[in-house]
Amino acid sequence: MAITGSLPRRSVALRLLVVAAALFGALLGGAAPASAHAALTGSNPAQGSVVDRAPEQVSLTFSEGVALGDDSIRVLDPQGKRVDRGKLRNLCSGSTVKYGAGLPPGLADGTYTVAWQAVSADSHPVSGAFTFSVGAPSKSAAAVPQQEAGGGLVGALYGITRYLAYAGFVLLVGGVAFVLACRPAGAGVRSVQRLVVQGWAVLTATTIAMLLLRNPYTGSGDLADIFDLAGLKAVLTTKPGAALISRMLLLAASAVFVAVLFGAYARAQEPAETSPGETSPEEAAPGEPSEESPSPEAAARLRKDLTLGLSVGGVIVAAGLAATWAMAEHASTGLQTAIAMPVDVLHLLAVATWLGGLTALVVSLYWGPPVERDAVRRFSRIAFGSVAVLVATGIYQSWRQVGTWHALTDTTYGKLLLLKAGLVVLLVGIAGMSRRWTARLGEVRTRRAEADEHAEADREAEAGAGAEAEAALEPAAVTADTTATATNSTSTSTDSTGATDSPASPDPATPGVTADRAAQLARQQAALSTARTKRMRDADPERLGLRRSVLAETAVAVVVLVVTTVLTATEPARTEEAVKGVAAQSAAANQPKVLTLPFDTGGKNGKGTARLDLDPGRSGVANDLHLRISDPSGKTMDVPEVKVSFTLKAKKLGPLPVVPRHVSVGHWSKSGVQLPVPGQWQVSLLVRTSDIDQVTETKNVKIG
């Protein structure tokens, strides 16, 4: 089949694809390694804390469900030796996701490192490390690997295969939908067939690659581990592994589906014609059997049955393929999973129908027979419906993953989501231009069709007049003319697309014509025919404009698909905001508590201000208390007596008295102040400025 695009159109296509590739590289180049969607929200001991004695265990709290093993939490001493008991403890309770690792008694003082690695419920790996100290920090701590889980070469390869898997799904599902719903004749177009088959091949290859890469991606990060059969067996028992195996089974079914689509269904769309050696029913002698083609009613019934069967089967297979993503990624964890997973399936199907159908339309316009205006209009309506579904499902998914307006601008996920929304708006705008070209195409074709009808009527009238004149000729002359006409009619042939092939090349057996000369003439005739076809298409500005606008849509769609892939590997805004909140609380908890208490005992020099510092201001550790008193002018002053006490009314603890030691003028201190549990503690300060003048001031402080 000759390529119908001209050189200028190829240049435009090349420029647009270069722009899309540049944006693709910018997005992937600026993207960090796949961010996991489960986050560490707390630990005991806390990061950077100093405890008086070694804890019985180390516990970690996560934002969502995670998968861990016995080696997922490791505690290393200052020399890098592993000291935990090597057995994972499940401490989950209700909605709290918490795991721990036991520690032996008698650990020496120093700084200990906790290194952990897990796989979040949406299939992405997450890892990290922090330190805590027993007694006092040591001069050295254990070194931990700097590479994040899911990073490095394996992470890059896994990210590329994920993108290609999405692309293959879009081409496969969208191309099939375009053929069945918009242009049944496209089942016989070679360029559309190649597009769908290539989509199936890409999706199959990437699924196998992801299955092999899964073990090193979530584990060691070593590419050689793709050959680890034990690791592969372990992957098959996980939720992502089960999703990939399910996808492989569905791809096997889709291979049969594609074979029927481009086999029996494509043949059913071909017009019924009598083969050169076949006898038509009218020409068959009475009583002689004829090779009769199916009746028009039978052919129409066959096409209807095939269309119905392929449509139902296609929807089932496509929904199943989309579900393999929904069951293993964002939608499978977090809020409202029972709603989120079907919504995610609809979202993926709408994306594939729109963008995959758009790609099928591009290849049909550039590399195939002329596309019927009705097919373009049908696709335009389907694309509009797909966009409506995308908007509805996208709004729900955005609310579910973002949660608040400020998270759109304060988080990486929110910024990527805004970028995707902007690209979709741009894509819809270009699609609007394509709809206008489609409308113009319909009007132009309608006028041309009317002109063709008038011309056909004139030709029929001329043919009728010629037939009356020929009736008066001799039978021999009529026979000769008929023979000449038949000879001329066989010099050209019409292919299944309606395009006329070039005249037959000269026969090498003709005297004076060599085989080389005949081949040269055939090439010249083919080139002239191709040039004539290009000139005819270039003379149609409506189709040229439609091709360019649809190609621009496709280029933007490639970038949208890249952003979507990066989004699926980015920590949702809700999780990022929760982690920031916990980090802020942890940072605040690690800061010394500072209280200012003005007092007035009512006597001479009875006014002043007391400042109380409690460092580090946490429960379960030895805190240092410092008390400084100044007069109204800010100058330090001494008083005969000060007393401090702590009370936790919620748990009926206290008052716990503290008698600070006088250090210098206006300065008292006390070491080893213990507050047993966290909570809202009340601090009471007694200040006596004379034998009879004293006052007690109180203030609340939150202890973590």
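Calculation criteria
- Residues numbered from 1 in each chain as written.
- Predicted model: local features only at pLDDT ≥ 70, side-chain atom pairs only at ≥ 80, totals over all residues.
- Heavy atoms only, no water.
- Pairing = 2+ DSSP bridges.
- Helix = DSSP H or I, 4+ residues; strand = E, 2+ residues; numbered from the N terminus.
- Axes fitted to C-alpha atoms, helices over the stretch in contact; angles between N-to-C directions.
- Patch = residues over 30% accessible without salt bridge, like charges linked within 9 Å, V, L, I, M, F, W, Y side chains within 5 Å.
- Areas by Shrake-Rupley, 256 points an atom, 1.4 Å probe, with all protein chains shown as cover.
- Salt bridge = Lys/Arg side-chain N within 4 Å of Asp/Glu carboxyl O.
- 1 Å grid on protein atoms, 1.4 Å probe; cavity = no way out; pocket = protein on both sides within 12 Å on 5 of 7 lines; lining within 4 Å.
- Points joined across faces, edges and corners; volume = space filled by probe spheres on them.
- Nonpolar A, V, L, I, M, F, W, Y, C, P; charged D, E, K, R; others polar.
- Parallel < 35°, antiparallel > 145°, perpendicular 65-115°, else oblique.
- Left-handed = near helix turned anticlockwise from the far one by under 90°.
- Core = buried A, V, L, I, M, F, W, Y, C linked by side-chain atoms within 4.5 Å.
- Buried < 20%, exposed > 50% of the residue type's maximum accessible area, 1.4 Å probe, protein only.
- Contact = heavy atoms within 4.5 Å.
- Phe/Tyr/Trp six-rings, centres within 6.5 Å; stacked < 30°, edge-to-face > 60°.
- Lys NZ or Arg CZ within 6 Å of the ring centre and 35° of its normal.
- pLDDT = per-residue confidence, 0-100.
- Expected span 1.5 Å × (residues − 1).

## Concerning the sheet that holds strand β11 (residues 607–615)
Spatial ordering of the open sheet is given by β10-β11-β12-β16-β15, a layout of five strands whose pairing is antiparallel. Each edge of the open sheet is held by one strand with a lone partner, namely β10 (593–600) and β15 (661–664). Ignoring which end each strand starts from, the neighbouring axes of this sheet average 25° apart. For strand β12 (residues 622–630) and strand β16 (residues 667–674), the ladder comprises six bridges, and the chain directions are antiparallel. Bridged to A622 within β16 is Q674.

## A short note on a nonpolar patch on the surface
On the surface, I160, L164 and V202 cluster together into a nonpolar patch covering about 210 Å² of accessible area. Within the secondary structure layout, L164 lies in helix α2 (residues 152–182).

## With respect to empty space enclosed by the protein
For the structure on display, the rule yields three cavities of 30 Å³ or more. The computed volume of the largest cavity comes to approximately 110 Å³. What lines the largest cavity is a set of 14 residues, among which S123, Y158, M210, A328 and E329 lie closest to the centre. Looking at the lining of the largest cavity, the elements with two or more residues in it are α2, α3 (190–218), α5 (239–269) and α6 (296–326). Take the lining of the largest cavity: its biggest share by element is four residues, from α5. Here the lining of the largest cavity is built from residues that sort into seven nonpolar, three polar and four charged. If you list the elements that add at least two residues to the lining of the second largest cavity, you get α2, α7 (337–366) and α13 (541–568). Of the residues forming the lining of the second largest cavity, the biggest block, four residues, is contributed by α7. Tallied by class, the residues present in the lining of the second largest cavity amount to seven nonpolar, two polar and no charged.

## Some points on the pattern of salt bridges
Note that side chains of opposite charge can pair when their charged atoms are close. Summed over the entire model, instances satisfying the criterion amount to nine salt bridges. If you follow the salt bridges from partner to partner, you end up with E641, K643, R688 and D691 in one network.

## So, the packing of α2 against α3
For the pair α2 and α3, interaxial distance at closest approach is 7 Å and the crossing angle is 150°. In terms of their interaxial angle, α2 and α3 are classed as roughly antiparallel. Crossing of α2 against α3: the hand is left-handed. Considered class by class, the residues forming the contact of α2 with α3 number 21 nonpolar, six polar and two charged.

## A word on the sheet that holds strand β13 (residues 641–648)
The strand order across the open sheet built from four strands is β14-β13-β17-β18, with neighbouring strands paired in antiparallel fashion. What marks the edges here is a single partner per strand, and that holds for β14 (653–658) and β18 (694–703). When strand polarity is set aside, the average angle formed by the axes of neighbouring strands in this sheet is 20°. In the sheet, strand β17 (residues 679–688) pairs with β18 via 10 bridges, with the strands oriented antiparallel. Within the sheet, the bridge partner assigned to Q680 lies in β18 and is K702.

## Thoughts on the nonpolar core
Within the largest apolar cluster, 86 residues are counted, with the highest numbers of intra-cluster contacts made by F169, L203, L261, Y265, W354, L361 and F379. Among residues more than four places away in sequence, those in contact with L261 are V176, V179, L180, A187, A266 and L310. Membership of the second largest hydrophobic core comes to 26 residues, among which are V644, W668, W681 and V701.

## Remarks on the packing of aromatic side chains
Any aromatic ring pair is given by two values, namely how distant the centres are and how the planes are angled relative to each other. All told, the structure shown has seven aromatic pairs when counted by the stated rule. Ring geometry for F62 versus W116: centroids 5.4 Å apart, planes at 75°, classification edge-to-face. With F62 in strand β3 (residues 57–62) and W116 in strand β8 (residues 110–120), this pair connects stretches of sequence that are 54 residues apart. With relative accessibility at 7%, the residue W116 sits in the buried group. Measuring from ring centre to ring centre gives 6.0 Å for Y396 and W399, while their planes differ by 40°; the resulting arrangement is tilted. Within this pair, Y396 and its partner W399 are both found in helix α8 (residues 373–402), separated by three residues, close to a single helical turn. For Y396, a relative accessible area of 17% corresponds to the buried category. Residue W399 is classed as partly exposed on the basis of its relative accessible area, which comes to 40%. Through successive ring pairs, a cluster of aromatic residues spans Y166, F169 and W325. Lying over the aromatic face of W325, R247 brings its terminal NZ or CZ to 3.8 Å of the ring centre.

## Side note on unusual backbone geometry
Of the consecutive residues N44 and P45, the connecting peptide bond is found in the cis state with omega at 5°. Cis geometry marks the peptide bond from G654 to P655; its omega dihedral reads 5°. Here P655 lies in strand β14. For N605, which is not glycine, the phi dihedral falls at a positive 50°. Within the fold, N605 resides in the loop between β10 and β11. Residue class for N605 comes out exposed when judged on its relative accessible area of 61%.

## Side note on the pairing of β14
Working note: regular strand, side chains alternate between the two faces of the sheet. Sheet topology note: the β13/β14 ladder contains four bridges and is antiparallel. Within β14, the residue paired with F646 across the bridge is L656.

## Topic: the confidence of the model for the chain
In this model, the chain carries an average pLDDT of 76, and 73% of its residues clear a pLDDT of 70 or more. Confidence drops under a pLDDT of 50 for residues 1–36, and excluding neighbours within four residues, the segment shows 57 contacts in the predicted structure. Taken as a whole, residues 442–452 scores under 50 in pLDDT and shows eight contacts with residues more than four places along the chain or in a different chain.

## Thoughts on the pairing of β11
The sheet contact formed by β10 and β11 spans eight bridges and is antiparallel. Bridging from a neighbouring strand, L595 pairs with L612 of β11. Linking two consecutive strands that pair antiparallel, namely β10 and β11, is a turn of six residues; a positive phi of about 90° is found at G602 within it. As defined by bridge partners, β11 adjoins β12 across seven bridges and the pair is classed as antiparallel. Across the sheet, residue T609 finds its bridge partner in β12, namely S630. Taking the residues between adjacent antiparallel strands as the criterion, β11 and β12 are bridged by six residues, where G617 takes a positive phi near 75°.

## Thoughts on α6
In this model α6 runs 44 Å from its N-terminal to its C-terminal C-alpha over 31 residues, within 8% of the 45 Å that 1.5 Å per residue would give. Turning to α6, its buried residues are L306, L310, G314, V317, A318, G320, L321, A322, T324, W325 and A326. Turning to α6, the residues buried within the fold contact α2, α3, α5 and α7.

## Section: the packing of α3 against helix α4 (residues 229–236)
The geometry of α3 relative to α4 is characterised by a closest axis approach of 9 Å and an angle of 105° between their N-to-C directions. Compared by their axis directions, α3 and α4 come out roughly perpendicular. Here α3 contributes L211, L212, R214 and N215 to the contact with α4, which in turn contributes G231, L232, V235 and L236. Within the contact of α3 with α4, the residues separate by chemical class into five nonpolar, two polar and one charged.

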